[in-house]
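For reference, the chains in residue letters:
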Amino acid sequence: MPWCSSDYTVQHALDWFAACRTARDAGTAFEYGMFCQDSGRFLGGAGLNEIRRQHRVCNLGYWVRQSMQRQGVASRCVHALSAHAFHELGMNRVEIVVAIGNTASEGVAVKSGALRESVARNRLHIRDKSVSAHVFSLVPR
């Protein structure tokens, strides 16, 4: 992830947690840590964000620490968070936006049953550069 660097500090983390609380209180994002059920080990993060209630749509994002990738962690989160978005938040559409070249996240979206709808030009801004991204969607069944 672009933010994950050697100069990431405790203060950066505290600022992120504060931003998450503010967004949660505003109802515009719900971000979660992922932890191993057995050991409590930190596995990554996932969330529902960019919540647009007028159109009943939101974004679903995830990241998994490298040592835990390819073990179904992200797919389980997509399943749980999309169910929460549809059943608890009343969303009609959940989007997963994946930068071109991020094959791991692309694989998670496909494995989770998301429909690849398009490639959106300049959709994400990563490391001070606009990049194109795949747009996937999930809708209630």
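Structural data are supplied above this passage.
Residues numbered from 1 in each chain as written. Predicted model: local features only at pLDDT ≥ 70, side-chain atom pairs only at ≥ 80, totals over all residues. Heavy atoms only, no water.

Student: Pulling in residues and values, what's your account of the pairing of strand S2 (residues 42-52)?
Tutor: Two faces, one strand: in a regular strand the side chains alternate between the faces of the sheet. For S2, the tally of buried residues reaches eight of 11 residues, placing the bulk of the element in the interior. Pairing analysis gives six bridges linking strand S1 (residues 30-35) to S2, with the strands arranged antiparallel. By the bridge assignment, glycine 33 is partnered in S2 with glycine 45. Where S1 folds back on S2, the antiparallel hairpin that results is connected by six residues, among which glycine 40 adopts a positive phi of roughly 80°. Relative to strand S3 (residues 57-64), S2 runs antiparallel, the two being bridged by seven bridges. Each residue of the ladder has a partner; that of arginine 52, found in S3, is valine 57. (Buried < 20%, exposed > 50% of the residue type's maximum accessible area, 1.4 Å probe, protein only. Helix = DSSP H or I, 4+ residues; strand = E, 2+ residues; numbered from the N terminus. Pairing = 2+ DSSP bridges.)

Student: With reference to specific residues and values, describe a nonpolar patch on the surface.
Tutor: A contiguous nonpolar patch, built from Tyr8, Val10, Leu14, Trp16 and Phe17 and spanning about 520 Å² of accessible area, is present on the exposed surface. Mapped onto the elements of the fold, phenylalanine 17 is located in helix H1 (residues 10-26). (Patch = residues over 30% accessible without salt bridge, like charges linked within 9 Å, V, L, I, M, F, W, Y side chains within 5 Å. Areas by Shrake-Rupley, 256 points an atom, 1.4 Å probe, with all protein chains shown as cover. Salt bridge = Lys/Arg side-chain N within 4 Å of Asp/Glu carboxyl O.)

Student: Explain unusual backbone geometry residue by residue, including any values.
Tutor: For asparagine 122, which is not a glycine, the phi torsion comes out positive at approximately 50°. Its location among the elements puts asparagine 122 in strand S5 (residues 115-126). Residue classification places asparagine 122 among the exposed positions, given a relative accessible area of 54%. We note that aspartate 128 has phi near 60°; this positive angle belongs to a residue other than glycine. A residue is classified by how much of its surface remains accessible, and aspartate 128, at 74% relative accessible area, is exposed.

Student: Would you mind going over helix H3 (residues 103-111) in detail, with residue names and values included?
Tutor: Where H3 is concerned, the buried positions are Ser105, Glu106, Val108 and Ala109. Projection of H3 onto a plane perpendicular to its axis shows the buried side chains occupying an angular sector of 160°, all on one side. In H3, the exposed positions that point more than 90 degrees away from the buried face belong to Thr103 and Lys111. Structurally, H3 contributes buried residues whose contacts are with S3, helix H2 (73-87), strand S4 (93-99), S5 and strand S6 (129-138). Within two residues after H3, glycine 113 carries a phi angle of roughly 90°, on the positive side. (Arc of directions from axis to C-beta. Contact = heavy atoms within 4.5 Å.)

Student: Any details on the pattern of salt bridges? Residues and values, ideally.
Tutor: Under the defined criterion, the tally for this structure stands at five salt bridges. Arginine 52 is the partner of glutamate 50 in a salt bridge, and the nearest nitrogen-oxygen pair spans 3.8 Å. As a salt-bridge pair, arginine 116 and glutamate 106 come within 2.8 Å of each other at their nearest N and O atoms. Of this pair, arginine 116 sits in strand S5 while glutamate 106 sits in helix H3; the two residues are 10 residues apart in sequence, bridging distant segments of the chain. Residue arginine 116 is classed as partly exposed on the basis of its relative accessible area of 39%. On the basis of relative accessibility, which here comes to 17%, the residue glutamate 106 falls in the buried class. Members of the salt-bridge network, linked through shared partners, are Arg93, Glu95 and Glu117.

Student: Provide a residue-level description of the nonpolar core, including the pertinent values.
Tutor: Counting residues in each nonpolar core, the largest one holds 28 residues, and the members touching the most others are Leu60, Tyr62 and Ile96. No other element matches the seven residues that H2 contributes to this core. Aside from chain neighbours lying at most four places away, what touches leucine 60 is Gly47, Leu48, Val78, Leu81, Ser82, Val94, Glu95 and Ile96. (Core = buried A, V, L, I, M, F, W, Y, C linked by side-chain atoms within 4.5 Å.)

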